[in-house]
Amino acid sequence: MSAETGVMRHAGRRLLGLVPTLLILITIVFFMMRVAPGGPFDAEKALPPDIQANLEARYHLDEPLIQQYFRYLGQVLRFDFGPSFQYRDWTVNELIAQGFPVSLTIGGLALVLSLLVGVSVGVLAALRQNRPTDYTVMGFAMLGISIPNFVVAPVLILLLAVYAGWLPAGGWEGGWTRLVLPVITLALPVIAYIARLTRGSMIEVLHSNFIRAARAKGLPGRQVIFGYALKPALLPVVSWLGPAAAGLVTGSVVVERIFAIPGLGSYFVQGALNRDYTLVMGVVVFYGFLIIVLNFIVDLLYVWMNPRVRYGEG
Amino acid sequence: MSALLEVRDLQVRFDTPDGDVEAVRGIDFDLSPGESLAVVGESGSGKTQAFLAIMGLLAENGSANGQARFHGEDLMAMSSRDLNRHRGHDIAMIFQDPMSALNPYLSIEKQMIDGPMHHLGLGRAEARAHAVEMLRAVRIPDPDERIGHYPHQFSGGMRQRITIAMGLLCEPEILIADEPTTALDVTVQARIARLVGDVARRSHMATVLITHDLGAVAGVCDRILVMYAGQVVETGTVREIFDSPRHPYTRGLLDSIPRLDRIDDTLHAIPGNPPNLSDLPGGCVFRERCDRAFDACAEPPPLFDLGEGRASRCHLEDPS
């Protein structure tokens, strides 16, 4: 079996697995939303019954639940998430199209930043194992992992926006400065985790026989680290990137709210509070799809980096 | 003939949670150009650590003392930058386990061209061509295509031959091979020994064969250094050691080689275990396993020089 057909077959199998996962996700979220008390048209003042009935008929809420479920499945198959219940005149597709690029920008930047900083300090800590640099890096990493982003964000805002006045406290207008605080907040725990992962696997790799053998070749230390040790040391980081991407997505829900960024996360929170059935469903399915696709890409990356998986063992 | 490598009072110790372990306790030997030296001993005798120390490759908790003069320059006193001019270039080391000594994430080509590009200043294409030739020399079939493969795509024997080819790439003056054939079956062992012997003769390369198997040394080496508990206990030519072993430990090792030419009895083994290197007994370290121990053995014996390169660390040799 050649390398290419091996990867293609692997990819094909994974893509097929996407369908049942999404189906289960849609089913669970659909019924959970309906079980939750309240509905999209509940208000302080009750609507007159015939208006309520008109509204429900307009959105097919008067049909039996199971019929609504299959109607929804049919829509999803056509990539149509329906109209938003709350943002009148907007379809869910339009809201996603508007919010996602914003979320993607801060999520993507946070991921790039996490990889650059996390891997660098992780390698540095591994090379200075059990010395002050190592302890400092690992100390900060522990902090980064344990302090939740809803604490980090207000502290950063207070220090850098309110007291120092260097950066805007929130919002989506203005230049690149508006990106700094949300991206840092989002990236901090990911940086911390990647640094710990990189350090651990780098230390293990540096103790392996093949690194000793590489040193025996008389290559400069730098070449041994970057040419021989980095690739195997990064494998655990790569396989963690799937969950990391999911973490960035869910993290952005909170971070977007705090920094008043009109991303997908903001719509999601608003939709859940308003019982905006279609919006929540749409965003959940979209997130689910995104996470599965990201995991899939990470898988391919892993296979590409690890020749033993690429060609099959033996 | 002046020595290529002169090792004097080489000591290696490891700092472990259970206290200091003295892995190598002062060994001396010379290696001449073209000479083939076997270093024989049980696992834990310090044979591998001694050569890792010379190569500057000890684990982080290890430290080494003494001298190892290569062309008169002390390798032990060199910075790792200076050491890198020799490592892999004129002193090469082949490691015990070919499964783990090759980097599983890099192609053989990448692992073979780096050394020659660095030490010999070859270009990528030249280095590749050179590596392909070397693979051909160790009888890897279809080397031009196989060089692009990864370690796991080769059999154990082929991997071992690849590591040997790697060691020979820069035509070293000394090749240190640590149990290079233990993982292989006997026919392959013999073929590899012959291959290394050929290269050594052709380029006047000195070889050091580190092994626990005295039987594997017979047709291959010139001289033997027997190590026990971090010390040299006997030296001599292969012929001398096999024909008239002087130290009781060497005799025990020879007796424990299975022989097909005698029907007589069971396989001999040396009773007991090597001493704990973090808590060595006083006196001769072999005393407790020795069938000829006597009163004098309560004092540690020096290495008695028996003339013509022979020596034995045993009170039985005491001329007084």
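Above: the structure in question.
Owing to the predicted nature of the structure, the values given are computational and were not obtained by experimental measurement.

Novice: So what's going on with the overall build of chain B? Which residues, and what values?
Specialist: When helices and strands are counted, chain B shows 10 helices and 12 strands. For a compact globule of 320 residues, the expected C-alpha radius of gyration is about 20 Å, and chain B comes in at 20 Å, within 12% of that figure. Here the C-alpha coordinates of chain B stretch approximately 65 × 50 × 45 Å along the principal axes. Relative to its full complement of 320 residues, chain B shows a buried share of 52%. Within chain B, contacts between residues at least 6 apart in sequence are counted, and of these 61% link residues at least 24 apart. For chain B, the accessible surface area stands at approximately 14700 Å², while carbon and sulfur atoms represent 49% of it. Averaging the locations of the 31 positively and 47 negatively charged side chains of chain B gives two centres separated by 5 Å.

Novice: Now, about helix H6 (residues 149-163) of chain A: what can you tell me, with residues and values included?
Specialist: Residues and elements named next belong to chain A. Taking 1.5 Å of rise per residue, 15 residues should cover 21 Å, and H6 covers 20 Å from first to last C-alpha, within 8% of that figure. At Ile157, H6 shows its maximal bend, which comes to roughly 30°. Within H6 the residues assigned to the buried category are Asn149, Val152, Ala153, Leu156, Ile157 and Ala161. Elements in contact with the buried residues of H6: helix H7 (177-206) and helix H9 (221-258). Positive phi shows up at Gly165, right after H6, with a value of about 70°.

Novice: Please set out the pattern of salt bridges residue by residue, giving values where relevant.
Specialist: Residues and elements named next belong to chain B. Applying the stated criterion across every chain, the model contains 19 salt bridges over all chains. For Asp30, the salt bridge identified is with Arg8, shortest N-O distance 2.9 Å. Placement of the pair is Asp30 in strand E2 (residues 19-31) and Arg8 in strand E1 (residues 5-16), with a sequence separation of 22 residues. Note on Asp30: relative accessible area 29%, which makes it partly exposed. A salt bridge links Arg13 to Glu22, with the nearest nitrogen and oxygen atoms 4.0 Å apart. One connected set of salt bridges, linked through shared partners, spans Arg13, Asp20 and Glu22.

Novice: I'd love a proper account of unusual backbone geometry, names of residues and values included.
Specialist: Of note, the phi angle at Phe79 of chain A is positive, near 55°, even though the residue is not glycine. Mapping Phe79 of chain A onto the fold places it in the loop between helix H3 (65-77) and helix H4 (92-127). A positive phi angle, close to 50°, is found at Ala229 of chain B, a residue other than glycine. Mapped onto the fold, Ala229 of chain B is located in the loop between strand E9 (223-228) and strand E10 (231-237).

Novice: So what about the interface of chain A and chain B? Which residues, and what values?
Specialist: The interface is formed by 27 residues belonging to chain A together with 27 residues belonging to chain B. In total, about 2300 Å² of surface goes out of reach between chain A and chain B, with carbon and sulfur atoms giving 57% of it. The interface formed by chain A and chain B holds 0 salt bridges in total. Connecting chain A to chain B are 11 residue pairs in polar contact (both at pLDDT 80 or more). Secondary structure elements with two or more residues in the side of chain A that touches chain B: helix H8 (209-216), H9 and helix H12 (307-310) of chain A. Partitioning the side of chain A that touches chain B into residue classes produces 11 nonpolar, 9 polar and 7 charged.

Novice: Give me helix H1 (residues 47-54) of chain B: which residues, what numbers.
Specialist: All names here are of chain B. With respect to burial, H1 is a largely interior element, 7 of its 8 residues being buried. Residues of H1 that are buried: Lys47, Thr48, Ala50, Phe51, Leu52, Ala53 and Ile54. Residue Gly56 follows H1 closely and has a positive phi angle near 70°.

Novice: So what's going on with the packing of H8 of chain A against H9 of chain A? Residues and values would help.
Specialist: Residues and elements named next belong to chain A. Running from N to C, H8 and H9 point in directions that differ by 170°, and their axes come no closer than 10 Å. Taken together, the axes of H8 and H9 are roughly antiparallel relative to one another. With respect to the hand of their crossing, H8 and H9 are arranged in right-handed fashion. Contact with H8, carried on its side by Phe210, Ile211, Ala214 and Arg215, involves Val224, Tyr228, Ala229 and Pro232 of H9 and no other residues of that element.

Novice: Can you explain the pairing of strand E6 (residues 91-94) of chain B? Please cite residues and give values.
Specialist: All names here are of chain B. Here E6 shows two buried faces, one formed by Ile91 and Met93 and the other by Ala92 and Ile94. Of the pairings in the sheet, the one linking E6 to strand E7 (residues 174-178) comprises 4 bridges and is parallel in character. Residue pairing for E7: Ile94 is matched across the bridge by Ala177.

Novice: Residue-level account of the side chain of Ser114 of chain A, with values.
Specialist: Residues and elements named next belong to chain A. Here Ser114 shows up in helix H4. Judged by relative accessible area, which is 0%, Ser114 ranks as buried. Each residue touching Ser114, except ones within four places of it in the same chain, is listed here: Val119, Ala187, Val190, Ile191 and Ile194.

Novice: Give a detailed account of the packing of aromatic side chains, specifying residues and quantitative values.
Specialist: Tallying each qualifying case throughout the model produces 14 aromatic pairs over all chains. These aromatic residues form a ring-pair network of at least three members: Phe30, Phe31, Tyr69, Phe70 and Tyr72 of chain A.

Novice: Describe the sheet that holds strand E5 (residues 73-74) of chain B, with residues and values.
Specialist: Residues and elements named next belong to chain B. Overall, antiparallel pairing links the 4 strands, which are arranged E2-E1-E4-E5 in an open sheet. Here the strands that pair on one side only, and so sit at the sheet edges, are E2 and E5. Both strand E4 (residues 62-70) and E5 contribute to a ladder of 2 bridges, which runs antiparallel. What sits directly across from Phe70, in E5, is Glu73.

Novice: Explain the environment of Leu65 of chain A to me, and be specific about the residues and the numbers.
Specialist: Residues and elements named next belong to chain A. Topologically, Leu65 is positioned in helix H3. Judged by relative accessible area, Leu65 falls into the partly exposed class, the value being 36%. In sequence terms Leu65 and Phe30 are 35 residues apart; their C-alpha atoms lie 9.8 Å from each other. Aside from chain neighbours lying at most four places away, what touches Leu65 is Phe30, Phe31 and Arg34.

How each quantity is defined
Residues numbered from 1 in each chain as written. Chains lettered and ligands numbered in written order. Predicted model: local features only at pLDDT ≥ 70, side-chain atom pairs only at ≥ 80, totals over all residues. Heavy atoms only, no water. Helix = DSSP H or I, 4+ residues; strand = E, 2+ residues; numbered from the N terminus. Rg over C-alpha atoms; globule rule 2.2 N^0.38 Å. Buried < 20%, exposed > 50% of the residue type's maximum accessible area, 1.4 Å probe, protein only. Contact = heavy atoms within 4.5 Å. Areas by Shrake-Rupley, 256 points an atom, 1.4 Å probe, with all protein chains shown as cover. Lys, Arg positive; Asp, Glu negative; His and termini not counted. Charge placed at Lys NZ, Arg CZ, Asp CG, Glu CD. Expected span 1.5 Å × (residues − 1). Bend = angle between axes of the 7 residues up to and from the residue. Salt bridge = Lys/Arg side-chain N within 4 Å of Asp/Glu carboxyl O. Buried area = accessible area lost by both parts, 1.4 Å probe. Polar contact = N/O pair within 3.5 Å; in protein donor to acceptor, adjacent residues only side chain to side chain. Nonpolar A, V, L, I, M, F, W, Y, C, P; charged D, E, K, R; others polar. Axes fitted to C-alpha atoms, helices over the stretch in contact; angles between N-to-C directions. Parallel < 35°, antiparallel > 145°, perpendicular 65-115°, else oblique. Left-handed = near helix turned anticlockwise from the far one by under 90°. Pairing = 2+ DSSP bridges. Phe/Tyr/Trp six-rings, centres within 6.5 Å; stacked < 30°, edge-to-face > 60°.

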